[in-house]
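Spelled out from the first residue to the last, the chains are:
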Amino acid sequence: MDDDEICAQFVDSNWAELVQRVGIAVMPIADELWSNKMLGSESYSKIKVAATNQEKMRVLGDVLHSGGNAVKSAFYSGLEKHAACLLRDLSITEYHLDSGQIQPSGINTVINQYKRQICTEYQHVMEYNSLPGEHVLLCQRYIEPLINNKYRDRKEREKEICSRGESFQDVLSSRSSNESVLNSLFDPDGRGITPGAVILQGNSGNGKSFAVQKIMLDWASGNLYRKEFEIVFHLKCKEINCILDTKSLVELLSWSCGLTSHQISLMLQKSPERVMFIIDGFDELRLTEEIYSMTPPTDPHQRCSPELTLCALLKRHVQSESFLLVTTRSTATDTLTKLLKTPYSFTEIMGFSEQGVEEYFQKFFQDKELFRKAYKFVKANEILLNACSIPVICWIICTVIRERFNDGADVTSGLETATSIYVDFVFTLLEHHCQGLSESVPTLLKSLGQLAESGMMKQQVMFDAQTVYGTMQNPACSPFLCKFLFKKRTRQETMFSFMHLSFQEFFTALYFVFVDDGQSMMKLTQLSSFKDRPDVYNHAPPRFADVMKFAFGLLNEDVQCTLGKHGLLVDKNTQAYLKKWFLYELDYSYAPLMFNYLYELHESSFVKEVMQDWDYIYAHGQHFRRADCWALVYCTQWSHSIGEIFDLYLGSQELSISLPVLRKVKDLRLTVTEPSDSDLTDLMCALTERQTLSSQSIDISWNVDDYVVRSLRLTLPCSEPIDGTKLFQTFPLMDLDALMSAIQSLSKLKMVELNVGYLNANLCVGALSISQNCPDLTKLRINADSILEDGIRILQSAHTRPNCTMTFKGYRCDQYVKLTVSCQGFSDEKLRKPLFRD
């Protein structure tokens, strides 16, 4: 390589920088070129009359590019004379002009400077709502995501989409790789083949760009791919869309990372096999059909449109020895695979595990008490907890809950509704993940609603391409849809879905609430009605129950305000219709679901109207989930007292949530389901945590056959608060003496009823002791499977106080008997055997 060629290469690789920075030196250089007859008179005149120095350089550039290496070398000589400082700044000293070799120490210095720049820039995160100058550290937000490196078939995908609650997290965890995948993306496969490119696919908001930022920061810090890659470049397709003029690959990288074109040229030349290009957001790149018929550049200094330059990189027409990492949504994966050359590998980022969600909350809130309250609230809501697997939703939930805490809200008032979170998520994606939308927001959302509603009616979560393209104008631009390729016999089959069934339900509700055909709400309420359903007491909610839940949430005043800003207005008749329907269904309510409807509506005036006449809650043996309990707490906060809660099934955590409600109940029939031996005591202590119960009737049941005492019912005056801690600690421990002692401590006790396995002497002694030590006790009843003779002998010689009667029923041998002890003494009688023996 001779000197002219070296100088010409420098001019070419740094031309964009030279145009901006040569400044007033352009005319002295042009004068010398004209004097040496390397610049024609016409071109020289155009340079002189150009308005700015940049325009003068552009005119001069046409002459240089047509004049060849000799003219460029003369221009370089002019730079040495009139812009020496600029030459030094562009690191021309890294060239040995005599030998044409690159000085390694100079390049390493530039690479180290670049790494320091990356560390400074990439350690910070600008959040969607950050004010000027605000930022957080990446380490305060980044959580290792679940990543899968295998394709899933249609059944596996459908299971992921339809799963809820714990099963949803189990499915996600089973799909992900056990080890951390980010540090092994370019490892050889089972056949020993190293991929030249890696596709990192993920839904909108699932953390693809966050993962890329972490890769960049870890590489620059020396913690990732230290041996594999000497240099890593990051190209963001969203930013590349803003470039209007042509650029070479070198210029594109210079524009993106801030290094000079010359510095980048040196890096690319030194070790191309140790260079990685990260192309982030391929789905956002604006590609046209013409791009496939255009000739891509084959030289990193050749200029063309930025899109064609990227295509050349993907096709390996340039930097063929380098490596590629490309992030994309599933809707563009098939387009990407048409451009990539084999071998390449596929990975999918799936969001957070439940453990990852918890870790994210800890990092976000930092304060342990706020973290505990926020995470407890979200974990109780199945919809929100599932949605938190999407990192953007996790951030939205944490952000709004923190704002609610700052405003003084507490969990009783309901920190946030699922509908409001979904609305925030939709418009966050539309604002930040939906460039180049070719239709209005209302039109897009209506199309999504139509598609969602048709799937709900047909009970399907997968849609074929014909259905989707027949409903939507450009599904590839929608951040709410996923696109899948499945093998079917000898061909591929393209299918679409929403990110999760809950999003399909949300968009269905949106469609029903905002469509203006006059029949939509009637249709929805018919599908959601409890009336005339034969299984109403089997507690199976209607198929459209969650759709209706979102529909009520969309009527919330704050939610409507957000929707209105985007041209979506709820008709007043729709609101009135839904509220009227609710009141009509109330008497036949599926209690947990009805409370959830009210919670999503979050309209205090309507909730007060409903609850003022709702004096009893018949749960019909339904097991209230944590979300149901939060909804119950919210709805009953305006009720001073509740007459009766009948046949309610709760677990330990549900019981803890429901305490504010239970304290208001006059007559409570509570059953604790499936307790383990280790948590029974904790469960009972939760009932009296912080405050004592003052209910008129307490009924505690343990459906475990081998317990000595299976159920206990106590009646006390409402005006006499009790501290039942001792009682509830001893009840599940099968310590009969301790239980009897605890019951005796309730001096105002009016009635006791026990269901036991057998009645023996110890139990009879304890019963007599209770009657003697509780002066207000009027009735003590014990129902036993078997009555033992030693117990009968104790009772035969017993008496009680006046106005106090003890009765014992059970089998004495094979005879069903009733034993009575009163102030008059002992009596017994034979009873007809019950039809069914417990």
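Residues numbered from 1 in each chain as written. Predicted model: local features only at pLDDT ≥ 70, side-chain atom pairs only at ≥ 80, totals over all residues. Heavy atoms only, no water.

Put simply, the largest pocket is a space of about 1100 Å³. Around the largest pocket, the lining comprises 38 residues; the ones closest to its centre are Tyr128, Ser209, Phe210, Gln213 and His433. Counting residues per element, the ones that place at least two in the lining of the largest pocket are helix H8 (104-122), strand E3 (124-125), helix H11 (208-220), strand E7 (231-236), helix H12 (237-240) and helix H20 (391-406). For the lining of the largest pocket, the element with the most residues is H11, which contributes four residues. Of the residues contributing to the lining of the largest pocket, the split by class is 15 nonpolar, twelve polar and eleven charged. Looking at the second largest pocket, its volume works out to about 910 Å³. Listed by contribution, the elements that provide at least two residues to the lining of the second largest pocket are H20, helix H21 (418-432) and helix H27 (557-564). Ranked by residues supplied to the lining of the second largest pocket, first place goes to H21 with seven residues. (1 Å grid on protein atoms, 1.4 Å probe; cavity = no way out; pocket = protein on both sides within 12 Å on 5 of 7 lines; lining within 4 Å. Points joined across faces, edges and corners; volume = space filled by probe spheres on them. Helix = DSSP H or I, 4+ residues; strand = E, 2+ residues; numbered from the N terminus. Nonpolar A, V, L, I, M, F, W, Y, C, P; charged D, E, K, R; others polar.)

This part is about the confidence of the model for the protein. In the predicted model, the protein carries a mean pLDDT of 84, and 87% of its residues have values of at least 70. Confidence, expressed as mean pLDDT per element, reaches its minimum in the protein at strand E1 (residues 95-96) with 40 and its maximum at strand E9 (residues 323-328) with 97. Confidence drops under a pLDDT of 50 for residues 92-102, and excluding neighbours within four residues, the segment shows 27 contacts in the predicted structure. Of the regions scoring below 50 in pLDDT, residues 534-538 engages in four contacts with residues more than four places distant in sequence or in other chains. (pLDDT = per-residue confidence, 0-100. Contact = heavy atoms within 4.5 Å.)

This part covers empty space enclosed by the protein. What the rule picks out here adds up to three cavities of 30 Å³ or more. Computed from the structure, the largest cavity encloses a volume of approximately 330 Å³. Lining the largest cavity are 23 residues, with Glu160, Phe168, Leu172, Asn203 and Met499 sitting closest to its centre. Going through the elements one at a time, helix H9 (154-162), helix H10 (165-175), strand E10 (344-351), helix H19 (382-387), strand E12 (481-488), strand E13 (491-498) and helix H24 (501-514) are the ones with two or more residues in the lining of the largest cavity. For the lining of the largest cavity, the residue count by class is twelve nonpolar, seven polar and four charged. Volume-wise, the second largest cavity comes out at about 40 Å³. What lines the second largest cavity is simply Phe377, Asn381, Asn596, Tyr599, Ala627, Trp630 and Ala631.

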